[in-house]
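# Summary of structural features
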Amino acid sequence: MEITTTRAMANITYREALNQALAEEMDRDETVFLMGEEVAEYDGAYKVSKGLLDRFGDRRVVDTPISELGFAGLGVGAAMVGLRPVIEFMTFNFSLLALDQVINSAAKMYYMSGGQISVPIVFRGPTGAALQLSAQHSQACASWYVHAPGVKVVTPATPADAKGLLKAAIRDKDPVAVMEGELLYNVKGEVPDPEDGDFVIPLGLADLKREGEDVSIITHGPTVHIALMAAQKLEKEGIEAEVVDLRSIRPLDVDTILASVRKTNRAVMLEEGWPFAGVGSQVVSIIQDEAFDDLDAPVVRVTQADVPMPYAKNLEQLAKPSADRVVDACNRVLYRS
Amino acid sequence: MHSFLRDMLLYRRFEEAAEEAYAIGKIGGFCHLHIGQEAVALGMIGPLRQEDYVLTAYRDHTQALAKGVEAGPVMAELFGRAGGSALGKGGSMHIFGADVGFMGGHGIVGSQIPLATGIGWAIRYRGGDEVCVCFLGDAAVNQGAFWESLNMAAVWKLPVIYVVENNEYGMGTAFRRVSALPVVERAGGTGVPAHAVDGQDVLASWRLMERLVADVRSGAGPQYVDARTYRFKGHSMSDPVSGTYRSKEEVEGRKREDDPITRLRDRLLDAELLTKKELEAMDGEAREVVNEAVRFAGESPPPSPEELYSHAYAEINEHGRLFLDGRDR
Ligand SMILES: Cc1ncc(C[n+]2csc(CCOP(=O)(O)OP(=O)(O)O)c2C)c(N)n1
């Protein structure tokens, strides 16, 4: 993708990038509003909506009661008649209370109305584990959302992706979950300067975060950074790993996945979530279906341990996917150990 | 008043035709009839304008007709045909008519309540004076979505009227067995004004609604209605009229005393505002409309196989795959 090459860049945080995306889209389109717990007067639990209340007023930046099912459904209803709500979940963990409205209402409305009623809504907020928040606050929620046709899901790993994908999500005609990494909000990165024009990343385009010939690490969201760390370690051992950042899980850039696998002939699927029926199981299924003859080894998956997230620091570290485990997995598919 | 009778006769004949079509396998899946509750649909929807909105649960045929969806497409939807109001993809529980403000029947008990609240939000956001009417069953007031919605509607003064079709039962569970308070009191704690009405009396329902709609249009905020009614049929086609949860005597008694159509008819006949002949003609017209709907549905083809994937997404993105089942399409 050449979108970023000719532009002036600003080095900003993931949080600021999301904030810019929201402000720009609210500026551009009067039907866009932001709603959720603490988004207005408190500036957002993670400060993503900082300053938006002052700028857009309490008609468009709205604090809600703690009623996830209620305000998610309210957003869906508003979208049914043409508004473009952005519903912030303080974290996606709490969106489980709202899943009925996401899956049973938002995802199915267009289909079951025979194309009469579309639902252009964004559900966004942090997902996944931060540090020692234990079982109920540390879930990677992507696979719940991608399971349902009718929903789209993106998981940006960098500030530029966060900005470009959130803007595309707001403009999309369908429900899109924008899942932000809870530990990524302070991560800095280059983002095209707003002065330099509209920066939108279309849904459905994976991104090669690193090129390499020897093994493909396919991943998305916060674990992109773990993959890059693993790739650095492997480089010291003379292995060039390619890091494929899916960015968008539905639509899924199958072409990029297959091209990478055809180049390296070996793949490791890395994700933050649980293994059972996870995003990775779908990706591996597609690879074996469409690139079986290009594989020199079975694909290996690295996921969080198949248990609720423990609190104790040492156990938590063991439960999460780590760069070392990714290195081990790469060595396995390279038959190096 | 003649038109009230004509409309309610149409609803009744429509549901009877659906019952018949179900019995011979023309209609599949779940099918929930509204027989006995016609006056609620008419009384609560009649006073609305076309640009006002209505949402309801899965017992949705007569509300759709009352809001102006044509009988033919509703019947074709029940038949699962291409000419259906949702192209055969929704079925009995999901009748839609967006062009006339009928925003759907919804199958998860209580799920339409937040949706209606959101439509009310959108009306207020745009500064319009439309009203959104949300029908729900008595069982739905025990869902969290109900209380969450009424609270938010009250906080933001949204133009939504929540109408409980209080037919006393949720499937086979009597409301009184599972609710701490009567329906009319269940908005308590949200500050939304509550009104009770005899839902078998179409005039009383209409009059109450006329007043509430006017109030809500001029900014009074949300309202809550306990419309007392009764269903004369089983919960759905798979449920007998009476059975383990209510007696035959109870149902027969209510049918005798509380049929909204008989009540209006007798009132008009007694006051000599209607002759038997006019009544027959009216019923004949209703039957003709329904026969025509059945004919339309029967002649409409099933959806073509290409329709399997259409309308899953409103926007097919240029990049990536949206469908991951590996099938050709
Ligand atoms: C969330 C949910 N739980 C259970 C059901 C199964 N169910 C369908 S209808 C129904 C009874 C609802 O009764 P009520 O809301 O009073 O409406 P009525 O059928 O009387 O019109 C139940 C339990 C459902 N559809 N959704």
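Relevant structure appears above.
No experiment lies behind these values; they were computed from the predicted model shown.

A separate point is the overall build of chain A. When helices and strands are counted, chain A shows eleven helices and 14 strands. Taking 20 Å as the expected radius of gyration for a compact globule of 337 residues, we find that chain A reaches 20 Å, a close match to that expectation. With the C-alpha coordinates aligned to their principal axes, the bounding extent of chain A is approximately 60 × 45 × 40 Å. The proportion of buried residues among the 337 residues of chain A is 61%. Summarising the internal contacts of chain A: among those between residues at least 6 apart in sequence, 83% fall at separations of at least 24. Put simply, chain A shows about 12300 Å² of open surface, and 50% of that area lies on carbon and sulfur atoms. If the 32 positive side-chain charges of chain A are averaged to one point and the 49 negative ones to another, these points end up 1 Å apart.

A separate point is the side chain of B:His34. Residues and elements named next belong to chain B. Note that His34 resides in the loop between α1 (2-23) and α2 (38-45). A relative accessible area of 1% means that His34 is categorised as buried. Side chain to side chain, His34 and Glu165 meet in a polar contact 2.7 Å long. If sequence neighbours within four positions are ignored, His34 has contacts with Glu15, Ala41, Arg59, Thr62, Gln63 and Glu165.

In this section: the site of the ligand. All names here are of chain B. Near the ligand there are 15 residues, and of these Tyr58, Arg59, Ala139, Asn167 and Tyr169 occur at the shortest range. The contact in question runs from an oxygen atom of the ligand to an N or O atom on the backbone of Asp138, over 3.2 Å. Contacts to the ligand include Ala139, whose backbone N or O atom sits 2.9 Å from an oxygen atom. The protein chains hide 72% of the 580 Å² of surface that the ligand would expose on its own. Split by residue class, the shell around the ligand holds seven nonpolar, six polar and two charged.

Take the packing of helix α3 (residues 68-80) of chain A against helix α4 (residues 99-112) of chain A next. Residues and elements named next belong to chain A. Interhelical geometry of α3 versus α4 gives an angle of 10° and a closest axis separation of 9 Å. Considered as vectors, α3 and α4 are oriented roughly parallel to each other. In contact with Leu69, Ala72, Gly73, Val76 and Met80 of α3, α4 contributes Asp100, Gln101, Ser105, Ala106 and Met109. For the contact of α3 with α4, the per-class residue count stands at six nonpolar, three polar and one charged.

About the criteria used
Residues numbered from 1 in each chain as written. Chains lettered and ligands numbered in written order. Predicted model: local features only at pLDDT ≥ 70, side-chain atom pairs only at ≥ 80, totals over all residues. Heavy atoms only, no water. Helix = DSSP H or I, 4+ residues; strand = E, 2+ residues; numbered from the N terminus. Rg over C-alpha atoms; globule rule 2.2 N^0.38 Å. Buried < 20%, exposed > 50% of the residue type's maximum accessible area, 1.4 Å probe, protein only. Contact = heavy atoms within 4.5 Å. Areas by Shrake-Rupley, 256 points an atom, 1.4 Å probe, with all protein chains shown as cover. Lys, Arg positive; Asp, Glu negative; His and termini not counted. Charge placed at Lys NZ, Arg CZ, Asp CG, Glu CD. Polar contact = N/O pair within 3.5 Å; in protein donor to acceptor, adjacent residues only side chain to side chain. Near = heavy atom within 4 Å. Nonpolar A, V, L, I, M, F, W, Y, C, P; charged D, E, K, R; others polar. Axes fitted to C-alpha atoms, helices over the stretch in contact; angles between N-to-C directions. Parallel < 35°, antiparallel > 145°, perpendicular 65-115°, else oblique.

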